[in-house]
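What follows is each chain in one-letter form.
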Amino acid sequence: MQLHETIPNNVELAGDRKLLRALEQWQPSFLEWWRQMGPESFQSADVYLRTAVSVDSSGWAHFDYVKMPEYRWGIFLATPEAERAVGFGDRMGQPVWAEVPGEYRNLLRRLIVTQADTEPASVEQQRRLGQTAPSLYDLRNLFQVNVEEGRHLWAMVYLLHRYFGRDGREEAEALLARHSGDPDRPRILGAFNAPIDDWLSFYMFAMFTDRDGKYQLLALAESGFDPLARTTRFMLTEEAHHMFVGETGIRRIVQRSCELTRQAPDGDARRLGGIDLPTLQKYINFWYSVSLDLFGGEISSNAAEYFACGLKGRAGERKYDDHLALQGSYRMAVPEDGRLGEQDVPLRNAMNEVLRDAYIEDNQRGLDMWNKTIAEHGIDLRLCLPSRRFNRRIGLYAGLHFTTQGEPIPQEEFDGRRDEWLPSETDRAYVRSLMRPVREPGVMANWIAAPTKGIDGKPLAYDYVRLA
Ligand SMILES: [Fe+2]
Ligand SMILES: [Fe+2]
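Definitions and limits used
- Residues numbered from 1 in each chain as written.
- Chains lettered and ligands numbered in written order.
- Predicted model: local features only at pLDDT ≥ 70, side-chain atom pairs only at ≥ 80, totals over all residues.
- Heavy atoms only, no water.
- Helix = DSSP H or I, 4+ residues; strand = E, 2+ residues; numbered from the N terminus.
- Rg over C-alpha atoms; globule rule 2.2 N^0.38 Å.
- Buried < 20%, exposed > 50% of the residue type's maximum accessible area, 1.4 Å probe, protein only.
- Contact = heavy atoms within 4.5 Å.
- Lys, Arg positive; Asp, Glu negative; His and termini not counted.
- Charge placed at Lys NZ, Arg CZ, Asp CG, Glu CD.
- Phe/Tyr/Trp six-rings, centres within 6.5 Å; stacked < 30°, edge-to-face > 60°.
- Donors = N, O, S within 2.8 Å, 3.2 Å for Na, K, Ca; no water.
- Pairing = 2+ DSSP bridges.
- Axes fitted to C-alpha atoms, helices over the stretch in contact; angles between N-to-C directions.
- Expected span 1.5 Å × (residues − 1).
- Arc of directions from axis to C-beta.
- Core = buried A, V, L, I, M, F, W, Y, C linked by side-chain atoms within 4.5 Å.
- Patch = residues over 30% accessible without salt bridge, like charges linked within 9 Å, V, L, I, M, F, W, Y side chains within 5 Å.
- Areas by Shrake-Rupley, 256 points an atom, 1.4 Å probe, with all protein chains shown as cover.
- Salt bridge = Lys/Arg side-chain N within 4 Å of Asp/Glu carboxyl O.
- Parallel < 35°, antiparallel > 145°, perpendicular 65-115°, else oblique.
- Left-handed = near helix turned anticlockwise from the far one by under 90°.
- Nonpolar A, V, L, I, M, F, W, Y, C, P; charged D, E, K, R; others polar.

Asks: Any chance you could explain the overall build of the protein chain here in plain terms?
Replies: Broken down by element type, the protein chain carries 12 helices and 5 strands. Relative to its length of 468 residues, the protein chain is compact, with a C-alpha radius of gyration of 23 Å against a globular reference of 23 Å. If you line up the protein chain on its principal axes, its C-alpha atoms span 70 × 60 × 45 Å. Here the protein chain holds 468 residues, and the buried ones make up 59% of them. In the protein chain, the share of contacts with a sequence separation of at least 24, taken over all contacts with a separation of at least 6, comes to 72%. Within the protein chain, one finds 57 positive and 68 negative side-chain charges whose respective centroids are separated by 2 Å.

Structure below.
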């Protein structure tokens with residue numbers, strides 16, 4: 001079969017010989033990468049997966065059993081908006097670009113490569129999880145997320161091949177040559193270099209880290225480079241499911257934790273093989289803080305430049321009144337000699353922080369849902385997001401130490417209280433000890449509650465993955 005027949009697309013691949021040839025050369029490397037670095041041990045299983053087949057909102061996806069290496073990785077751009085104009089920055093109101101503007105070529109390439117690198121990275125990080133899935137339903141959801149991250153890689157590689165010539169082809173190769181955690185050629189962003197080897201971490205990743213991805217995509221969906229805006233807009237359709245997997249995964253763990261807390265004679269869910277709420281809080285503190293780092297520094301001239309050039313906007317740019325952002329400022333807490341002062345930062349330089357704010361608000365909505373579950377069980381504890389200053393490696397607060405409430409403290413105090421706030425080795429070992437595969441349709445591991453419904457109208461006890 002020809003590549004343009006195996007890769008569903010709405011970019012008229014069949015009519016673009018040059019692009020077709022470039023992608024035909026890249027495809028075998030991609031498949032080799034998927035076999036080597038994709039989900040371990042499940043390459044020949046039949047998985048009930050959805051595949052994007054169009055951008056029509058009423059019927060964009062098709063569900064069926066697929067072996068993952070045969071997944072139809074598609075290239076889809078959202079429907080173009082007629083007479084779309086740049087919506088922010090110095091080029092505000094000018095027609096959007098259908099080709100890469102020469103003066104922004106390097107900036108745009110960097111933006112696209114940084115986004116693209118996270119897609120295969122997460123597949124690599126999660127490659128061993130299939131062996132310990134708490135149910136077939138969860139196993140299928142993991143693989144759905146994995147193949148869609150693979151498709152997102154195709155979407156980004158399409159942009160590189162189609163719009164960046166030889167440089168783009170080299171970048172596309174490099175995306176398969178860097179690997180998560182590889183000491184010589186690591187992935188670009190720190191959070192994508194640690195393996196994810198337990199399911200609690202997987203749901204936390206899908207909730208917090210993948211949600212960073214959602215906000216980056218929302219900001220790129222505003223781009224004046226129209227092919228990028230349209231590609232990322234369609235990726236967001238799939239991303240919604242990834243958020244769902246994370247948020248409901250943790251909600252189910254919270255529910256089970258509450259049930260076991262009430263059953264245990266001393267109120268400790270661990271005695272009955274559950275994940276106790278205090279441990280969940282520590283995992284939240286960890287994954288939320290490493291994910292906050294992905295937004296970059298609070299004060300950023302790169303962010304200002306991307307905004308000025310019309311390449312990367314704010315999430316939902318339309319809801320803001322002032323699209324030039326030349327006037328306002330953003331007041332932020334700035335460390336000064338071990339204390340916190342305040343500084344007014346010109347708005348364009350604070351764009352990372354503006355995006356981070358939208359992200360934080362979205363996370364809080366998820367936590368409110370989990371807390372509702374806890375309240376329904378009559379338990380007093382509430383889960384919360386730590387301060388944005390807690391445990392940061394990038395930006396103003398990096399290298400300093402703060403309580404989860406955001407109060408500056410000396411390093412010795414932080415070191416002394418670290419295990420109170422972040423998962424200790426004992427916590428991690430305990431969580432890992434729970435990770436045993438459950439492969440009977442409809443049955444859940446003891447530490448997680450069943451979801452409220454199945455996938456695509458199928459019953460919970462459906463065989464979502466047929467093991468070969
Ligand atoms: Fe993605
Ligand atoms: Fe995702």
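There is more to say, and it comes next.
Asks: Even after reading the chapter, I still don't get the packing of aromatic side chains, so can you show me in this structure?
Replies: Each aromatic ring pair is characterised by the separation of its centres together with the angle its planes make. Within this structure, the stated rule accounts for 37 aromatic pairs. Centroid distance W97 to Y104: 5.6 Å. Interplanar angle 80°. Geometry classified as edge-to-face. For W97, a relative accessible area of 13% puts it in the buried group. Considering the side-chain rings of F192 and F205, the 5.9 Å spacing of their centres and the 90° angle between planes classify their relative orientation as edge-to-face. Taken as a pair, F192 in the loop between α5 (165-177) and α6 (199-220) and F205 in helix α6 lie far apart in primary sequence, 13 residues in all.

Asks: How should I be thinking about the coordination of the iron ion (ligand 2) in this particular structure?
Replies: Put simply, a metal with four donors set out as a tetrahedron has ideal angles of 109.5 degrees, and one with six donors set out as an octahedron has ideal angles of 90 or 180 degrees. The protein atoms that coordinate the iron ion (ligand 2) are E149 (OE), D210 (OD), D210 (OD), E239 (OE) and H242 (ND1), at distances of 1.9 to 2.7 Å. Counting the intervening residues between successive donors of the iron ion (ligand 2) yields the motif E-x60-D-x28-E-x2-H. In this structure the iron ion (ligand 1) is found 3.5 Å away from the iron ion (ligand 2), and E149 serves as a bridging donor for the pair. Residue E149 is located in helix α4 (residues 136-163), and its partner E239 is located in helix α7 (residues 226-263); the two are separated by 90 residues in the primary sequence. Exposure class is identical for E149 and E239. Each is buried.

Asks: Is there a simple way to explain the sheet that holds strand β2 (residues 61-67) in this structure?
Replies: Through backbone hydrogen bonds, the strands of a sheet pair up, either in parallel or in antiparallel fashion. Within the open sheet, the 3 strands sit side by side as β2-β1-β5. Their pairing is antiparallel. The two strands at the open ends of the sheet, each matched to only one other strand, are β2 and β5 (465-466). As defined by bridge partners, strand β1 (residues 46-52) adjoins β5 across 2 bridges and the pair is classed as antiparallel. The residue of β5 that forms the bridge with D46 is R466. The sheet contacts of α4 involve β1, β2 and β5, and relative to β1 the element is tilted by about 40°.

Asks: What's the story with the side chain of H377 in this structure? I'm lost.
Replies: Examined against the element boundaries, H377 turns out to sit in the loop between α10 (351-376) and α11 (411-421). In this structure H377 comes out as buried when scored by relative accessible area, which is 15%. Beyond its immediate chain neighbours, meaning those up to four positions away, H377 contacts Q255, C258, E259 and R262.

Asks: What am I meant to see in the pairing of strand β3 (residues 329-336) here?
Replies: Taken residue by residue, a regular strand's side chains alternate between the two faces of the sheet. The sheet contact formed by β3 and strand β4 (residues 339-346) spans 8 bridges and is antiparallel. When the sheet's bridge partners are listed, S329 is paired in β4 with P346. Between the end of β3 and the start of β4, which pair antiparallel, lie 2 residues, with D337 showing a positive phi angle near 45°.

Asks: Explanation requested: the coordination of the iron ion (ligand 1) in the structure shown.
Replies: For the iron ion (ligand 1), the full set of protein donor atoms is E119 (OE), E149 (OE) and H152 (ND1), and the range of their distances to it is 2.0 to 2.2 Å. The sequence pattern formed by the donor residues of the iron ion (ligand 1) is E-x29-E-x2-H.

Asks: Explain α5 here, please?
Replies: With 13 residues, α5 ought to run about 18 Å at 1.5 Å a step, and its terminal C-alpha atoms sit 19 Å apart, in line with that. Taken as a whole, α5 has its buried residues at G168, E171, A172, L175 and L176. In an axial view of α5, the angular spread of the buried residues amounts to 140°, which keeps them on one side of the axis. Check the buried side of α5 and you find it contacts α2 (17-37), α3 (105-125) and α4.

Asks: Mind showing me how you'd approach the nonpolar core here?
Replies: Side chains that are nonpolar tend, in soluble globular proteins, to be buried together. Formed by 117 residues in total, the largest nonpolar core has its most connected members in F30, F208 and W447. Per element, the largest residue contribution to this core is 15 residues, and it comes from α4. Setting aside residues no more than four positions away along its own chain, F208 makes contact with I284, W287, Y288, S291, Y359, N363, L367, W370 and L385. Core analysis: the second largest hydrophobic core is formed by 12 residues, F307, V334, L347 and M351 among them.

Asks: What am I meant to see in a nonpolar patch on the surface here?
Replies: A contiguous nonpolar patch, built from M92, L324 and L326 and spanning about 270 Å² of accessible area, is present on the exposed surface. Note on placement: L324 falls in the loop between α9 (301-308) and β3. According to the relative accessible area criterion, L324 is partly exposed, its value standing at 37%.

Asks: For this particular structure, what's the right way to read the packing of α6 against α10?
Replies: Packed helix pairs are characterised by how far apart their axes lie and by the angle those axes make with each other. One way to put it is that α6 packs onto α10 with a least axis distance of 10 Å and a crossing angle of 140°. Classified by the interaxial angle, the pair formed by α6 and α10 is oblique. α10 is crossed by α6, and the crossing has right-handed handedness. Contacts between α6 and α10 involve M207, F208, R211, D212, K214, Y215, Q216 and A219 from the former and L355, A358, Y359, D362, N363, R365, G366, L367 and W370 from the latter. Of the residues contributing to the contact of α6 with α10, the split by class is 9 nonpolar, 3 polar and 5 charged.

Asks: What's the story with a positive patch on the surface in this structure? I'm lost.
Replies: Taken together, the side chains of R17, K18, R21 and R169 make up a positively charged region of the molecular surface. Looking at the positive patch element by element, the count peaks at 3 residues for α2. For K18, the position within the fold is in helix α2. Given the relative accessible area of 63%, K18 is considered exposed.

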